[in-house]
Structures are given as structure tokens and as C-alpha cells.
Amino acid sequence: MLGARTWIAVVGAGLAFATQFASFARAEVSYERDVWPLLKTHCAGCHGEAKQLAGGLDLRLRRRIVAGGDTGPAIVPGDSQHSLLIQHVRSGEMPPKDELRLGDDEVAMLAAWVDAGAPTLRDEPRQDPRPGEIWITDVERSYWAYRPIARPPLPTVGKSDNAIDAFVLNRLQSNGLDFSQQADRRTLIRRATFDLLGLPPTPAEVEAFANDPSPLAYSRLIDRLLESPHYGERWGRHWLDAVGYADSEGYNDKDVIREDAWRYRDYVVRSLNQDKPWDRFIVEQLAGDELAGVTHDNAEQAANADPQTLEWLTATGFLRMAPDGTGSGPDDAALARNQAVTETLKVVSTALLGSSLACAECHHHRFDPIPQEDFYRLRAVFAPAMNVDKWREPKSRRMAILSEDDRRQAADVETRAKQLDEQHNRMKQETLELVLERVLESIPEERRDFARQAFATPKDKRSEQQRLFCEEEFPMLGLLRTGTLHLFLARYQDGDELKKPYEDVLAEAAALRADKPAPVYVRVATEVRGTIPETRLLHRGDHTAPLGDPLPPGGLSVLNSFHDQPLPANNPKLRSSGRRLAYARQLTDGRHPLVARVLVNRFWQHHFGVGLVATAGEFGRQGELPSHPELLDWLAADFMESGWRLKRLHRLIMTSRCYRQDSRRREEAEAVDAENRLLWRMPVRRLEAEAVRDAMLSVAGELRPQLFGPPAPVAVTDGGLVAVAGAATDGAASAGADLRRSLYIQVRRSQPVAMLEVFDSPQLEPNCHRRVVSTVAPQSLELLNGEFVLARARAVAMRLSAECPDGDNKVTRLWQLAYGRNADVSERAAARDFIQRQTEDLREQEPQPELAAWASLAQVLLGSNEFLYID
């Protein structure tokens with residue numbers, strides 16, 4: 001009962017959750033609410049959810065427990081001491097596996113239930129469940145994440161018009177707390193700019209905002225940031241974590257490069273910059289091909305003819321981001337195919353449903369009401385696009401795209417090249433005839449007419465006399481043909497005069513084709529028209545052991561009541577099956593209880609460092625309960641009712657008093673809520689790996705603002721570390737270095753960039769729901785000795801020398817660039833003293849000791865907490 005333990009611990013800390021979760025703390029124990037979740041996790045795998053009931057005992061209903069199994073009644077209501085079930089779990093005899101055994105508190109709860117008469121919350125159904133059938137109780141269906149999303153009423157507290165403040169302040173005041181004071185403007189612009197752009201504000205932007213007297217200054221700041229093209233880069237990176245974006249296939253050591261994955265990345269950035277509604281965004285990614293009405297046979301032609309179709313097909317790259325080893329020569333090709341499908345389902349379920357379905361591939365879910373059949377019904381949704389019986393490897397799942405102008409140019413080039421091909425063939429034939437005459441000179445004159453006739457006769461139609469003449473009497477005649485012409489020309493003194501004309505024509509055709517516009521390739525998911533594979537449950541997930549009848553496509557059965565119609569097996573109105581399109585529309589129709597909750601929770605996480613549900617990819621019982629359940633539901637309802645627009649949600653969150661709070665600690669608040677789950681202050685957050693790197697490039701004046709395009713390749717340095725090729729040399733970026741944002745660095749699953757990895761870049765397994773935030777020694781070593789950091793520090797020093805004439809101005813500029821504020825008196829004095837001493841110390845070692853001293857000071861700031869953390 002992990003959820004119960006978590007709840008009790010939180011109550012003990014003084015945090016009272018909403019009414020819908022209060023049952024976990026009650027003394028009264030019931031079968032549906034408390035006992036069945038425990039038995040499901042630890043015991044039902046053998047006693048109810050397996051086809052064969054172990055010992056004849058079924059634990060899925062109270063009356064079946066009382067009836068017992070082969071050894072008699074399992075419990076005696078009102079008497080735990082004489083109940084076999086309690087005796088077995090208390091002794092540790094059952095469950096037999098160590099990892100399933102009950103803890104002391106769980107045994108005590110089970111005994112308390114028996115002693116209380118084994119109560120249920122309501123009358124049990126008359127019909128017993130079948131062996132192996134998963135039993136979903138009404139209590140499980142009413143779990144908070146499976147309840148309909150409804151907009152709860154706003155608490156009547158405070159004077160704010162912002163709903164977020166109303167819910168948060170209501171919780172704070174019920175615990176004797178209040179918001180912290182508002183952060184100052186310099187803190188707010190740095191916080192907001194990093195949140196929305198992932199970059200530091202420029203000194204000019206900081207000064208303009210800090211000195212703007214208008215009460216609308218902050219709202220205008222948010223609007224300006226949301227209109228920046230770099231917004232899509234920042235928030236696109238967040239979504240790419242959830243998707244598991246990578247520029248390589250993973251799976252095995254070959255880790256084959258995906259040369260076309262970046263077009264999906266660019267689609268994501270563009271969609272977020274456009275503020276594309278997320279319901280549309282999801283449908284495009286799950287079923288863009290079906291939305292466009294195309295299948296594998298006509299997708300490429302349609303995409304070349306229509307930009308909208310191309311965009312929708314590019315969106316389906318979402319389904320092509322999971323590891324896929326089928327094109328890398330796996331030892332077991334069938335296993336690799338099935339694993340590619342499984343990894344894709346993991347991405348879909350965690351990114352959109354906040355539910356880890358992976359264990360349901362092999363057995364019924366231990367903690368949540370998810371039968372094994374649900375996994376394979378969901379697999380059936382995607383089976384027509386990922387047909388393991390007629391698999392298409394990665395290179396067969398991409399489209400060649402040319403613009404209309406490029407297509408015209410390519411057609412014109414090919415027409416001219418074919419004319420040259422024809423000229424080349426004519427010239428070569430003429431040369432062949434010249435060589436033939438020379439070969440005939442070696443044949444007696446009276447036999448030359450016969451020789452010409454035999455040579456002109458196709459080899460497979462020659463008479464026996466002709467064959468013997470060409471192959472045995474005069475084999476040179478039999479050897480002569482256009483393919484061997486070069487061998488004969490080498491025999492003749494004038495062979496190179498004879499050969500050069502037609503070779504020049506061939507080279508001209510090749511050069512012409514070399515200039516022909518090359519297509520770009522897009523990684524897509526499509527279906528083969530008329531091919532709909534059957535999907536069966538696999539015994540313990542073994543692809544060689546299918547069981548039972550084919551399963552229809554479907555979502556989670558615990559949510560069936562939210563939708564009136566089952567998913568179509570094959571929609572006759574579409575070229576494709578229509579399964580994914582129907583499923584995507586179910587997810588985004590406004591009734592699904594998980595999708596909007598999962599999305600707004602993830603958005604909240606990226607603003608506050610942790611979601612209202614801390615386990616962003618796990619909304620089931622293994623995850624944490626929401627800290628503010630009513631707020632989560634209000635935000636989810638409002639998000640859908642307001643058109644699924646993320647930028648509107650940003651404005652709502654970032655204009656709240658909750659977001660604009662100061663981040664300083666308060667002793668009296670920490671005594672009540674040390675982890676700040678009630679949000680009495682703004683959490684301090686460390687920059688993510690990409691933001692650390694991008695901020696250093698920005699401060700150094702080296703960041704290149706170009707959006708989109710192929711990724712910057714990575715390479716192994718002489719020191720054995722993976723780095724962006726050319727990004728750091730002895731002191732600055734090489735002339736050809738790609739210093740775009742970190743978003744555009746090639747993501748190799750087997751070769752993560754060292755500088756990003758040390759600062760906790762996403763761990764793609766196969767995707768990432770929330771990044772680890774660690775504090776480890778390699779980070780300090782990177783900041784002290786890393787080539788990239790040293791190169792940026794020197795670039796900062798060079799920038800200061802170019803922009804500032806004297807030392808005091810350099811100090812001011814350095815603090816403004818790095819921290820967004822001016823240095824105070826003590827910092828100025830310390831900086832001047834440091835530069836003076838460091839210059840002297842480096843005079844014997846550096847050709848430019850003062851520049852090196854400023855680089856050392858810049859490195860100190862780039863490695864400081866004030867630079868690396870956001871207040």
C-alpha cells in the first residue's frame with residue numbers, strides 16, 4: 001500500500017489533502033478501498049487473475065475469500081487469529097516471493113479488516129468473475145486520475161482574480177501560511193526569460209524592464225517572450241524529452257544514425273511557436289497520415305503536392321522516436337520488431353496518459369486496474385502502422401521530398417542528362433563497329449561475311465557453327481561487346497582517341513546529374529493500404545507464444561465508460577484503418593480523464609521544477625498523489641475549455657502571485673512545509689543542461705540564433721569525451737563550429753555529449769518524464785577544467801575587451817551579462833583585486849596575462865550558483 005504510506009506520511013507532516021483522498025487516512029478499513037488494492041498488488045497474480053486459481057482460492061470478492069479454497073475458508077470475519085489468510089501472511093509463508101511479501105503495517109491493516117467483520121462499501125455483484133478475468137471495482141474506477149475532469153468552484157480567499165492564487169492560498173491559509181513577498185523585477189525578468197526561452201535576458205532588456213514604470217510592464221514582458229521564435233525551441237525541448245527524441249536508433253551498439261529525425265524536431269518547434277492547439281497537436285502526431293487520408297503507397301506523392309499533408313506526415317515522427325534496431329542487423333529480427341512496438345507504446349502511454357503500461361505486456365498490472373488485454377488492445381491500435389508480420393525497416397519508412405521548383409529543375413536536368421546518355425550510347429556503338437573492323441582483319445577475307453553475321457546474331461540464338469566460330473576459332477570475336485570494349489581499345493595505339501569522346505559525354509551527364517536537386521527525407525509512420533494484422537495476447541510477452549482470439553483495438557478498459565463507441569477495426573471511409581485517428585480523437589474529445597491532467601501537470605512542472613503530481617509519467621498508484629488536486633482539475637478543465645492553448649496557460653501561471661513570489665526561505669514556513677509542496681515560496685531551480693550551455697554561449701556573445709536544420713554532429717575528442725565537433729579549441733570556437741542552441745546538437749543514444757550529460761541531460765529509457773537534478777563532483781570538474789567552459793570564459797574576456805575601455809566598466813558589464821544585475825561595492829573591489837593579482841601571477845605564463853585574468857574571473861562567474869540557478 002505505497003499510496004497509503006505516502007498519504008499517512010504527508011498527514012503526519014501536517015498537510016491535509018482534499019476530501020477525495022481523505023479515505024486513505026481513515027481508521028475504518030473496507031475491502032474495495034483498502035484490502036483489494038493490497039491483495040491485487042501482492043496476491044491476485046496467483047489467486048484470481050491467473051487462469052488457474054492457486055489452491056482454488058479467489059481473492060477478488062469478499063465472499064470468495066470467506067468461501068476459501070482447497071484448505072477451507074481463508075478468513076473468519078471478526079476473528080483474524082483463526083483466519084488462514086492472516087496466519088499465512090503474518091508468518092511470511094505467503095506470498096512465496098520475497099519481493100511480494102507484506103510489510104508489518106499491511107498485515108496489521110488486513111487483520112484489522114478481518115476483525116472488523118471484513119466490511120465492504122457496497123453490495124457485491126451477484127456474478128463471480130471468471131478465472132483470469134481482471135476485476136475492476138467501483139473504488140478503482142473512482143481513483144482520482146480516472147474521475148471525470150470537472151472545473152471545481154474557486155475558493156473564496158484573498159483578492160486575486162487569478163484562479164491559481166485562490167487554490168494555492170486556500171491551502172496555505174488552512175495551514176497557517178501565506179505567500180511570500182513578490183520578487184524584484186530583475187529576478188522576475190531572469191526567471192521569466194529562462195522559463196520561456198531558456199536563455200538569459202540581455203542587460204538592455206533587464207534595464208528596460210527594471211525601469212519601466214507601467215503597471216503593464218510585466219504582462220508586456222510575458223507577451224514579448226511568448227512571441228519570440230526561441231520560445232518554441234525552449235518548450236519544444238520539454239516535449240522532446242517526453243517523446244524520447246533521438247538522432248540515432250539505439251537498441252544495440254551500432255546505434256545507427258537517423259539522418260531524417262530532425263525534421264520532426266523542427267515540426268515541434270514550429271507548432272509551439274504557432275501556439276497550435278494541443279488537441280490538434282496530439283492528433284497530428286498520432287495519426288497525421290490518417291488525417292491527411294494517405295497510406296504508404298501515395299503518401300510521398302501527396303506530401304510533395306501539398307504542404308499541409310507534408311506537415312501532418314512529419315508529425316507522425318512522434319511514433320518513430322522509440323529505439324528501433326530492426327535496421328541494424330539484430331540477432332533476433334522478430335524480437336527487435338516486437339521491442340520497437342513495445343517501446344513506442346511506452347512513449348505513447350507515459351507521454352499522454354501518465355500511465356506506465358510496460359508491465360501489462362507480460363501480466364495484469366499489479367497496482368492499477370489494467371489487464372494484460374489492455375496492452376494488446378492498445379497495441380492493436382498501432383498495429384496497422386507497425387505490422388510486425390510485414391515489417392518495414394527505418395529506411396523504408398521515410399519519404400523523399402522536393403519543392404515544386406526543385407522538382408521542375410530536377411526533371412529538366414534529367415531530360416538533358418538522358419539526351420547525353422543516348423549520345424554516349426550512339427558514340428560507343430560507333431566505336432564498337434570500328435573495333436569490329438579491326439578484329440575482322442585477323443580473319444581470312446573469305447570468312448569475314450560469315451564472321452559479321454555470327455557477331456550480329458545474339459549469343460543465345462547462334463547456330464552451333466556460329467558458336468564454335470566465335471568461341472573457339474576466333475575467341476576475340478566472341479569476347480567483343482560494349483561491356484568489354486575498353487579491353488580492346490587498350491590493345492590499339494589510338495585507343496585513347498577512340499575512347500575519349502564517348503567518355504567525355506558520359507562524364508558530362510554525370511556532372512549534370514550531380515547538380516540535380518537532391519530530395520530531403522522525412523521520417524514518417526503510415527499504413528499499407530488493405531493490410532490489417534491481427535493482434536493477439538502474448539504469453540508473458542513472448543512474441544513466439546500468441547494466445548487466444550484476435551483482440552480489437554482499444555484504450556484502457558477502466559475508462560470505457562467515458563466513450564460511447566468502440567474504436568473501429570477498419571473505417572471503410574478511409575484508405576487506412578482509421579484506428580489511430582479514432583483513438584487520437586478519443587484522447588482529445590474533452591472527456592478523457594487523463595490527457596489534459598497529464599499535460600497541464602507537465603507544463604506546471606516546467607515552471608515550478610516539480611508538478612502538482614510529482615511523478616509526471618506515472619498517475620497510477622505507484623505515483624504520488626497531487627499536492628493540489630482541485631487546482632489540477634481546474635487547470636485541466638480550463639485548458640480544454642479555452643482551446644487547448646499553451647501560451648494562454650503560460651500567461652495564467654506566470655501572472656499569478658504564486659509564480660511571482662520571492663524564493664527566499666522562511667523559517668516559520670519551513671517548520672510546517674519543509675519541501676514547499678504548498679508553494680509558500682517560488683522554488684529555486686538549477687538550469688537544465690542545455691540552458692547551462694546556451695547561457696554560456698549567450699554571455700560569451702557566440703550563440704548563433706539560427707533556427708531549424710540538421711543537427712550539429714558530435715565527435716569523440718582526443719581526451720575520449722563526446723563533444724560538439726569544433727565547439728571548443730584552445731580558446732574559442734573554430735570558424736566552422738556549429739554554435740546554435742543545444743537543441744540542435746545531435747542526440748546519440750550511445751554517445752551523449754559529456755558537458756550536457758554531467759548536468760543531467762535527459763535519460764531516454766525510452767523517454768524522459770522528469771529530469772534528474774544531481775549535485776556531483778564531475779560538474780565541478782567540468783566547470784573547472786572542461787574545454788567548452790574554458791573556451792567560453794575566454795570568449796567572455798574577449799567580448800569585455802572589445803566592449804569596455806577600462807576595468808570598472810568591464811566589471812559592470814560582466815556582472816550584467818552573467819547575473820542580470822550590477823556588481824555591488826564589495827564585489828567590485830574583490831574583482832579589481834582579483835584581476836590585479838591574477839594578471840601578475842600569469843605574466844610569466846600567458847602572452848596576454850590581463851586577458852587571461854579576465855577569462856579566469858569570467859569562469860568564476862560562469863561556475864557560480866547565481867549563474868547556474870534561477871531564483
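Presented here is an overview of the structure given in this document. (Residues numbered from 1 in each chain as written. Predicted model: local features only at pLDDT ≥ 70, side-chain atom pairs only at ≥ 80, totals over all residues. Heavy atoms only, no water.)

### Thoughts on the overall build of the protein chain
When helices and strands are tallied, the protein chain shows 36 helices and eight strands. Projected onto the principal axes, the alpha-carbon positions of the protein chain cover approximately 120 × 85 × 50 Å. For the protein chain, with 871 residues in total, the buried portion stands at 54%. Counting only contacts in the protein chain whose residues sit at least 6 apart along the sequence, the fraction spanning at least 24 positions is 71%. (Helix = DSSP H or I, 4+ residues; strand = E, 2+ residues; numbered from the N terminus. Buried < 20%, exposed > 50% of the residue type's maximum accessible area, 1.4 Å probe, protein only. Contact = heavy atoms within 4.5 Å.)

### Things to note about empty space enclosed by the protein
For the structure on display, the rule yields five cavities of 30 Å³ or more. Taken together, 13 residues make up the lining of the largest cavity; nearest its centre are L319, R320, D324, T344 and M386. Classifying every residue of the lining of the largest cavity by side-chain character gives seven nonpolar, one polar and five charged. When its volume is computed, the second largest cavity comes out at roughly 60 Å³. Lining the second largest cavity we find W235, H238, W239, L272, W278, R602, F603, H606 and L646. Elements with a minimum of two residues in the lining of the second largest cavity: α11 (230-243) and α25 (595-608). By residue class, the composition of the lining of the second largest cavity is six nonpolar, two polar and one charged. (1 Å grid on protein atoms, 1.4 Å probe; cavity = no way out; pocket = protein on both sides within 12 Å on 5 of 7 lines; lining within 4 Å. Points joined across faces, edges and corners; volume = space filled by probe spheres on them. Nonpolar A, V, L, I, M, F, W, Y, C, P; charged D, E, K, R; others polar.)

### So, helix α29 (residues 689-700)
An α-helical turn contains 3.6 residues, so a residue and the one three or four places further along point in the same direction. For α29, which comprises twelve residues, the first-to-last C-alpha distance of 17 Å matches the rise-based estimate of 16 Å (1.5 Å per residue) to within 8%. Of all the twelve residues making up α29, eleven are buried; the element is thus mostly covered by neighbouring parts of the structure. For α29, the full list of buried residues reads A689, E690, A691, V692, R693, D694, A695, M696, L697, V699 and A700. Once α29 ends, the next one or two residues include G701, with phi positive near 75°. (Expected span 1.5 Å × (residues − 1).)

### Looking at the packing of helix α2 (residues 31-42) against helix α5 (residues 104-115)
Viewed as axis vectors pointing N to C, α2 and α5 meet at an angle of 135°, and their least axial separation amounts to 11 Å. What the angle tells us is that α2 and α5 run oblique. Read as a crossing pair, α2 and α5 show a hand that is left-handed. Across the interface between the two elements, Y31, D34, V35, L38, L39 and H42 of α2 pack against E106, M109, L110 and W113 of α5. Grouping the constituent residues of the contact of α2 with α5 by class yields seven nonpolar, one polar and two charged. (Axes fitted to C-alpha atoms, helices over the stretch in contact; angles between N-to-C directions. Parallel < 35°, antiparallel > 145°, perpendicular 65-115°, else oblique. Left-handed = near helix turned anticlockwise from the far one by under 90°.)

### Some points on the environment of A518
With respect to the helices and strands, the residue A518 is situated in the loop between α23 (495-514) and β2 (520-523). Spatially, the C-alpha atom of A518 lies 7.5 Å from that of L402, the residues being 116 residues apart in sequence.

### Here we look at the nonpolar core
The biggest cluster of nonpolar side chains holds 124 residues, and the ones touching the most others in it are W239, Y264, W278, L286, F318 and L635. The contact partners of Y264, leaving out residues within four places of it in the chain, are W239, L240, V243, Y245, Q285, T314, A315, G317, F318 and M321. Membership of the second largest hydrophobic core comes to 52 residues, among which are A700, V758, V811 and Y819. (Core = buried A, V, L, I, M, F, W, Y, C linked by side-chain atoms within 4.5 Å.)

### Observations concerning the packing of aromatic side chains
This structure, assessed with the given rule, holds 23 aromatic pairs. Seen from their ring centres, W144 and F619 are 5.3 Å apart, and the 40° between their planes marks the pair as tilted. Here the residue W144 occupies a position in the loop between α6 (138-141) and α7 (163-174), and F619 occupies one in the loop between α25 and α26 (629-641), the gap between them amounting to 475 residues. F619 matches W144 in its accessibility class, with the two residues each being buried. Members of the aromatic cluster, each reached through a chain of ring pairs, are W235, W239, Y264, Y267, W278, F281, F318, F603, F639 and W644. Sitting above the plane of the Y521 ring, R398 keeps its charged end 3.9 Å from the centroid. (Phe/Tyr/Trp six-rings, centres within 6.5 Å; stacked < 30°, edge-to-face > 60°. Lys NZ or Arg CZ within 6 Å of the ring centre and 35° of its normal.)

### Details of the state of the cysteines
For the structure shown, the criterion picks out zero disulfides. The thiol of C46 is unpaired, and the distance to the nearest cysteine sulfur, on C43, comes to 8.6 Å. (Disulfide = S-S within 2.5 Å.)

### A closer look at unusual backbone geometry
For the peptide bond that leads from M94 to P95, omega is -10°, which places it in the cis range. Structurally, P95 is set in the loop between α4 (84-91) and α5. For the bond running from E765 to P766, omega is -10°, close enough to zero to count as cis. Take P766: it is sitting in the loop between α30 (754-757) and α31 (777-785). The phi angle at A118 is positive, at roughly 55°, despite the residue not being glycine. Following the sequence through the fold, A118 ends up in the loop between α5 and α6. Accessibility expressed as a relative area gives 2% for A118, which makes it buried. Notably, W644 is not glycine yet its phi reads approximately 60°, a positive angle.

### Focus on the side chain of N676
You can see N676 is positioned in the loop between α28 (667-672) and β5 (685-686). Judged by relative accessible area, which is 6%, N676 ranks as buried. Contact partners of N676, with chain neighbours within four places excluded, come to R681, M682 and P683.

### A closer look at the pattern of salt bridges
Here the structure, examined in full by the defined rule, presents 67 salt bridges. Linking R237 and D241 is a salt bridge whose minimum nitrogen-to-oxygen distance equals 2.9 Å. Of the two residues, R237 and D241 both sit in helix α11, four residues apart, roughly one turn of that helix. Neither R237 nor D241 differs from the other in exposure class; each is buried. Linked by salt bridges that have partners in common, D58, R60, R63, R64, E124 and D128 make up one network. (Salt bridge = Lys/Arg side-chain N within 4 Å of Asp/Glu carboxyl O.)

### Some points on the packing of helix α32 (residues 787-803) against helix α33 (residues 807-819)
The N-to-C vectors of α32 and α33 enclose an angle of 130°; their axes lie 10 Å apart at closest approach. When the axes of α32 and α33 are compared, the pair comes out oblique. When you trace α32 past α33, the crossing you get is right-handed. Packed against α32, whose contacting residues are V796, R799, L800, S801 and E803, the element α33 presents K810, R813, L814 and L817 at the interface. Considering only residue class, the contact of α32 with α33 consists of four nonpolar, one polar and four charged.

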